[in-house]
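# Examining the three-dimensional arrangement
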Amino acid sequence: MYHKNPSYRTFYYFNLAALIAVSVLCILPMLHIFAVSLSGKSAAEANLVLFLPIDFNLESYAKTFENPNFASAIGTSALRAVIGTMLGMLVTITAAFSLSRSPAEFRMRIVYVWFFLFIMIFDAGLVPNYLLIEKVGLVNSFWVLIIPGLVNVWNMILMMNFFRALPKELDEAAIVDGATSFRILFSVYLPISLPAIATISLFTMVGHWNSWFDGMLYMRSKEQWPLATLLQSIVVVQDFSKTGITPEDLELLSNRSVKAAQIFIAMLPILAVYPFLQRFFVKGIVLGAVKE
């Protein structure tokens, strides 16, 4: 009877229309970029391409994959996303589990919670951060893309609240069986925490893949730039020397087509990963966010 209520049906169809509109607004820019990447020079430079390619050709993709800078940037970003996500989740999960314990189990819990909240709100600033990174010898190193952002306090708080929402009877049963804290975490908590872990892993992976500022700030060699930094240089700064286009290529190709091809390729890895995590995403995004 509830689903036959006119108010519910009105809300349902309005909500459906709104979601379809938002989905279309998200998809159309990607279609436009894809169409431009497959279009010829004249149509791309004349801004005639909308959602279908004109003068179809694949030269932009061929030229992109021939560019050693682009291939190197993809490798750096992929390695950063994998290693950064794995190490970040390891730190996040272990810290969240420790902070989810009661004060009787972990006496310094409140002190550490306030410490993490403080560093989440207050930041030393760009110059002190750079001087610190330079002092420890991470400048122009691959690890400078991972170690400074290894602890994400917001993700840790979400994971901590998720652990605190789990039944305490699980702990008690494991302790009775003689399980240590590490055994409780890895054998009891993690198997039932897949929604939260998948959601936070996706956030972490996307953050690493899209991060460009640290590469530009700390990497002195442009050959070591991650993909996001390279694309920022090409698209925003208009540094076309990194597109791999020679003056001879300009007779057949447009800078817009090559840039569109590189942007579209950069989107594909995250678009490919998301469907595998989507079934956890809706559930995991709300878990851990409703309890202090």
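Residues numbered from 1 in each chain as written. Predicted model: local features only at pLDDT ≥ 70, side-chain atom pairs only at ≥ 80, totals over all residues. Heavy atoms only, no water.

### Remarks on the overall build of the protein
- A tally of helices and strands in the protein yields 13 helices and zero strands.
- Going from N to C terminus, the protein has its helices and strands arranged as α-α-α-α-α-α-α-α-α-α-α-α-α.
- Looking at the 292 residues of the protein, the share that counts as buried comes to 38%.
- Look at the contacts in the protein between residues 6 or more apart in sequence, and 70% of them connect residues 24 or more apart. (Helix = DSSP H or I, 4+ residues; strand = E, 2+ residues; numbered from the N terminus. Buried < 20%, exposed > 50% of the residue type's maximum accessible area, 1.4 Å probe, protein only. Contact = heavy atoms within 4.5 Å.)

### A short note on the pattern of salt bridges
- Scanning all chains against the criterion turns up three salt bridges.
- With its nearest N and O atoms 2.5 Å apart, the salt bridge here joins Asp-214 to Arg-80. Pair noted here: Asp-214 is in helix H11 (residues 213–218) and Arg-80 is in helix H4 (residues 68–99), with a separation of 134 residues, a long-range link. Side by side, Asp-214 and Arg-80 carry an identical accessibility label, which is buried.
- A salt bridge links Asp-171 to Arg-101; the nearest nitrogen and oxygen atoms lie 2.3 Å apart. Here Arg-101 lies in the loop between H4 and helix H5 (109–121) and Asp-171 lies in helix H8 (residues 168–176), a separation of 70 residues in the sequence.
- On the basis of relative accessibility, which here comes to 5%, the residue Asp-171 falls in the buried class. (Salt bridge = Lys/Arg side-chain N within 4 Å of Asp/Glu carboxyl O.)

### Side note on the layout of surface pockets
- Put simply, the largest pocket is a space of about 990 Å³.
- Within the residue set of the lining of the largest pocket, elements represented by two or more residues are H4, H5, helix H6 (126–135), helix H7 (153–165), helix H10 (194–210) and H11.
- Roughly 500 Å³ of internal volume is contained in the second largest pocket.
- Forming the walls of the second largest pocket are 17 residues, and the residues nearest its centre are Met-30, Asn-210, Met-267, Ile-270 and Leu-271.
- Breaking the lining of the second largest pocket down by element, the ones donating at least two residues are helix H1 (6–37), H10, helix H12 (227–235) and helix H13 (255–286).
- In terms of residue count, the dominant contributor to the lining of the second largest pocket is H13 (six residues).
- When the residues that make up the lining of the second largest pocket are grouped by side-chain class, the tally is 15 nonpolar, two polar and no charged. (1 Å grid on protein atoms, 1.4 Å probe; cavity = no way out; pocket = protein on both sides within 12 Å on 5 of 7 lines; lining within 4 Å. Points joined across faces, edges and corners; volume = space filled by probe spheres on them. Nonpolar A, V, L, I, M, F, W, Y, C, P; charged D, E, K, R; others polar.)

### Regarding the confidence of the model for the protein
- Put simply, the protein has an average pLDDT of 80, and 87% of its residues get 70 or more.
- Taking the mean pLDDT of every element in the protein, the minimum, 74, falls on H13 and the maximum, 89, on H4.
- Note that pLDDT drops below 50 for residues 288–292; the model gives that stretch ten contacts with residues more than four away or on any other chain. (pLDDT = per-residue confidence, 0-100.)

### What about H7?
- Between its first and last C-alpha atoms H7 spans 18 Å; for 13 residues at 1.5 Å apiece the expected length is 18 Å, and the two agree.
- By the criterion of burial, H7 is predominantly enclosed, with ten of the 13 residues buried.
- Along H7, the residues that are buried comprise Val-153, Asn-155, Met-156, Ile-157, Leu-158, Met-159, Met-160, Asn-161, Phe-162 and Phe-163.
- In the core, the buried residues of H7 are packed alongside H4, H5, helix H9 (181–189) and H10.
- N-capping of H7 is provided by Asn-152, with a side-chain oxygen placed 3.2 Å from the backbone N of Trp-154. (Expected span 1.5 Å × (residues − 1). Polar contact = N/O pair within 3.5 Å; in protein donor to acceptor, adjacent residues only side chain to side chain.)

### A short note on unusual backbone geometry
- Its identity is not glycine, yet Asn-140 carries a phi of approximately 65°, on the positive side.
- Position of Asn-140 relative to the elements: it lies in the loop between H6 and H7.
- Residue classification places Asn-140 among the partly exposed positions, given a relative accessible area of 29%.

### Thoughts on the packing of H8 against H9
- Where H8 contacts H9, the axes come no closer than 11 Å and their chain directions differ by 120°. With respect to each other, H8 and H9 are oriented oblique. Crossing handedness for the pair H8 and H9: right-handed. Across the interface between the two elements, Leu-170, Asp-171, Ala-174 and Ile-175 of H8 pack against Ile-184, Val-188 and Tyr-189 of H9.
- A breakdown of the residues in the contact of H8 with H9 according to their chemical character gives six nonpolar, no polar and one charged. (Axes fitted to C-alpha atoms, helices over the stretch in contact; angles between N-to-C directions. Parallel < 35°, antiparallel > 145°, perpendicular 65-115°, else oblique. Left-handed = near helix turned anticlockwise from the far one by under 90°.)

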